[in-house]
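# Analysis of the macromolecular model
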Amino acid sequence: MNASFSDILIIGGGASGLTAALAAAQSGASVTVLEAGKKAGSKLLRTGNGRCNLSNTGDSSTAYSGTNAAFAERVLEHVTREETYAFFKSIGVILKSRDGWLYPYNDEASFVRGALLERAEELHVRIRNNEFVKECGKDESGFYAVSGNWTYRSRRLILACGSPAGLAENSVFFKGELVRSFGHTFLPFRSALAPLYVRNPRKELAGIRANASVTLLADDSVIDREDGQVQFTSKGLSGICVFNLAVKADPYLQKGRKVRIVCDFAPDLKDLPGLKDIRETDFIRSIVPEKLYGAVFSKLTSDEAGKLLHHLAFEVTGCAPLGEAQAASGGVLSEEIEDQTMMSRLVPGLYICGEMLDIVGKCGGWNLQFAWSGGISAGRSAAASLASDQ
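What counts and what doesn't
- Counting restarts for each chain, with residues numbered from 1 along the sequence as it is written.
- Local features in this predicted model are restricted to residues of pLDDT 70 or higher, and side-chain atom pairs are both shown and tallied only at a pLDDT of 80 or more, whereas totals for entire chains, interfaces and linings draw on every residue.
- Side-chain figures throughout are based on the complete set of non-hydrogen atoms in the structure, without hydrogens or water.
- Elements are defined by DSSP. Helices are runs of H or I of four residues or more, strands are runs of E of two residues or more, and each kind is numbered from the N terminus.
- Using C-alpha atoms as the atom set, the radius of gyration is obtained and then compared with a globule rule of 2.2 Å times the number of residues to the power 0.38.
- Any residue under 20% of the maximum accessible area for its type is buried, any over 50% is exposed, and the rest in between are partly exposed; the area is computed with a 1.4 Å probe on protein chains only.
- At least two DSSP bridges between two strands are needed for those strands to be called paired.
- Every angle, taken between N-to-C directions, lies between 0 and 180 degrees, and every axis is a line fitted to C-alpha atoms, over only the stretch in contact when it is a helix.
- Note on convention: the crossing is left-handed when the near helix lies turned anticlockwise from the far helix by less than a right angle, right-handed when the turn is clockwise.
- Any two residues having at least one pair of non-hydrogen atoms within 4.5 Å are treated as being in contact.
- Asp, Glu, Lys and Arg are counted as charged, while Ala, Val, Leu, Ile, Met, Phe, Trp, Tyr, Cys and Pro are counted as nonpolar; the rest, among them Gly, fall into the polar class.
- Any pair of nitrogen or oxygen atoms within 3.5 Å is treated as a polar contact; in protein, a donor-acceptor pairing is required on top of that, and neighbouring residues in sequence qualify only through side-chain atoms on both sides.
- For our purposes a nonpolar core is just a set of buried Ala, Val, Leu, Ile, Met, Phe, Trp, Tyr and Cys residues, chained together by side-chain atoms within 4.5 Å.

Before going further, it helps to examine the overall build of the chain. Secondary structure assignment for the chain yields eleven helices and 20 strands. In summary, the chain has a C-alpha radius of gyration of 23 Å against a globular reference of 21 Å for 390 residues, a match within 12%. With the C-alpha coordinates aligned to their principal axes, the bounding extent of the chain is approximately 80 × 40 × 35 Å. When the 390 residues of the chain are sorted by exposure, 54% land in the buried category.

Below, the structure is given as structure tokens:
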């Protein structure tokens with residue numbers, strides 16, 4: 001069987017894997033990246049509707065979920081957002097803000113991927129596409145990964161395999177066996193940022209979009225609330241605000257709790273003086289989109305329409321499958337990883353970063369920011385640790 005050696009081997013050529021490779025190579029390490037797909041960084045092309053929403057300047061304290069959401073905050077403290085912005089500037093990617101959501105100035109995700117790959121080539125990072133790793137481990141000689149007729153060996157191993165979110169069912173994907181072989185706890189991936197399915201969906205609403213304040217309830221207790229545009233589908237609800245609530249909804253659904261979504265299309269009009277005197281359907285027509293008015297309010301009495309304006313409720317039955325999700329929950333327990341270096345607490349020299357960890361951020365660039373920060377930490381730390389082998 002053919003063999004190849006490098007200082008650092010990275011399994012997965014997505015956002016965290018590529019930044020780990022650049023950080024390690026900039027520190028002088030020889031780096032090989034094994035990517036299961038046809039080309040590294042391909043998943044980046046779908047982020048931000050093709051524009052690559054790569055970070056966010058907002059409050060990160062409530063941006064993440066997981067078994068230990070505070071882990072994400074600590075990772076962002078070790079490699080800050082400002083440091084990440086400088087990193088992108090160094091490879092020629094200039095950023096701009098849309099209400100705190102950061103994008104490349106030219107709005108092209110393909111440019112971000114291209115900049116990462118060009119810098120990798122300049123640093124002599126070896127990227128091997130279409131390399132699906134069947135097995136990896138550690139022996140007396142160091143780390144190894146078996147792919148086809150090749151065995152790749154290294155002094156350090158970084159697992160940045162991503163998640164199946166947004167991928168077709170038949171996509172080549174690194175599964176949890178790679179980390180379980182090292183003794184790590186791996187929670188099955190589940191849809192997180194995803195559309196929600198509801199019981200008895202109203203087909204007449206499919207295709208309609210409307211701004212609303214959306215509340216998530218479990219057994220009538222308020223869990224969270226998001227404002228934004230709701231997109232009605234033939235199966236339920238979609239849109240950024242719904243995606244952010246789906247992360248919180250799934251744990252309650254798994255416990256068999258009754259989960260509901262309530263849409264308020266005019267939250268700021270509830271307590272206006274004299275509102276009851278003018279709450280006619282024509283008044284509602286001036287508030288909601290015409291298609292929503294026709295589908296829901298046009299044939300109701302004033303009282304019925306007034307109630308639904310603030311309380312259109314749906315019983316949630318589940319999240320859309322992983323192939324329709326923007327991000328997944330599950331992965332390696334973050335408590336088994338050192339937040340400053342991304343090194344495994346169980347296996348010295350093994351690093352795990354990005355979507356493989358049980359951390360998921362809200363929409364708005366938070367997941368990519370976690371990937372960038374974790375990848376840079378892993379790459380730097382792995383390279384710096386090589387000196388201890390001497």
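Okay, the sheet that holds strand β6 (residues 101-104) next. Spatially, the three strands line up as an open sheet ordered β3-β6-β5, and their pairing is antiparallel. Edge positions in the open sheet fall to β3 (55-56) and β5 (95-98), since each of these has one partner strand only. Bridge analysis of β5 against β6 gives four bridges, and the strand direction is antiparallel. Among the inter-strand pairings, serine 97 is bridged to a residue of β6, identified as leucine 102.

Glancing now at the packing of helix α1 (residues 15-26) against helix α11 (residues 366-385). Where α1 meets α11, the axes come as close as 7 Å, and the angle between the chain directions of the two elements is 35 degrees. The two elements α1 and α11 meet at a crossing, and its hand is right-handed. Mapping the contact onto sequence places Ala15, Ser16, Thr19, Ala20, Ala23 and Ala24 in α1 and Leu368, Ala371, Trp372, Gly375, Ile376, Gly379, Arg380 and Ala383 in α11. Here the contact of α1 with α11 is composed, by residue class, of nine nonpolar, four polar and one charged.

Here we take up the side chain of serine 213. Its place among the elements puts serine 213 in strand β13 (residues 209-218). The buried category is assigned to serine 213, whose relative accessible area is 8%. Here aspartate 227 takes part through its side chain, which lies 2.9 Å from a polar atom of the side chain of serine 213. For serine 213, the residues in contact, after removing those within four places along its chain, are Arg225, Glu226, Asp227, Val262, Cys263, Asp264 and Pro267.

A word on the nonpolar core. Judged by nonpolar contacts, the single largest core of 84 residues is most densely connected at Ile8, Ile11, Val31 and Leu159. Per element, the largest residue contribution to this core is nine residues, and it comes from α11. When near neighbours in sequence (up to four residues on either side) are disregarded, leucine 159 contacts Ile11, Leu178, Val179, Phe182, Leu350, Tyr351, Ile352, Cys353 and Met356. Counting residues in each nonpolar core, the second largest holds 35 residues, with Val198, Ala212, Ile261 and Cys319 among its members.

Attention now moves to the environment of isoleucine 10. Summarising the element assignment, isoleucine 10 is placed in strand β1 (residues 2-11). For isoleucine 10 and tyrosine 351, which are 341 residues apart along the polypeptide, the C-alpha to C-alpha distance reads 9.2 Å. Not counting residues within four places of it along the chain, the set of residues in contact with isoleucine 10 comprises Gly17, Ala20, Ala21, Val31, Thr32, Val33, Leu34, Ile158 and Ala160.

Let us look at the sheet that holds strand β15 (residues 236-238). Pairing between the strands of a sheet is mediated by backbone hydrogen bonds and can be parallel or antiparallel. Taken in spatial order, the six strands line up as β12-β15-β14-β13-β16-β17 and close into a barrel, and their pairing is antiparallel. Neighbour-to-neighbour, the strand axes of this sheet turn through a mean angle of 45 degrees, independent of strand direction. Pairing analysis gives ten bridges linking β13 to strand β14 (residues 221-232), with the strands arranged antiparallel. Looking across to β14, one finds that arginine 209 is bridged to glutamine 231. Relative to the sheet, helix α10 (residues 302-310) contacts β16 (259-264) and β17 (312-319), its axis offset from that of β16 by approximately 110 degrees.

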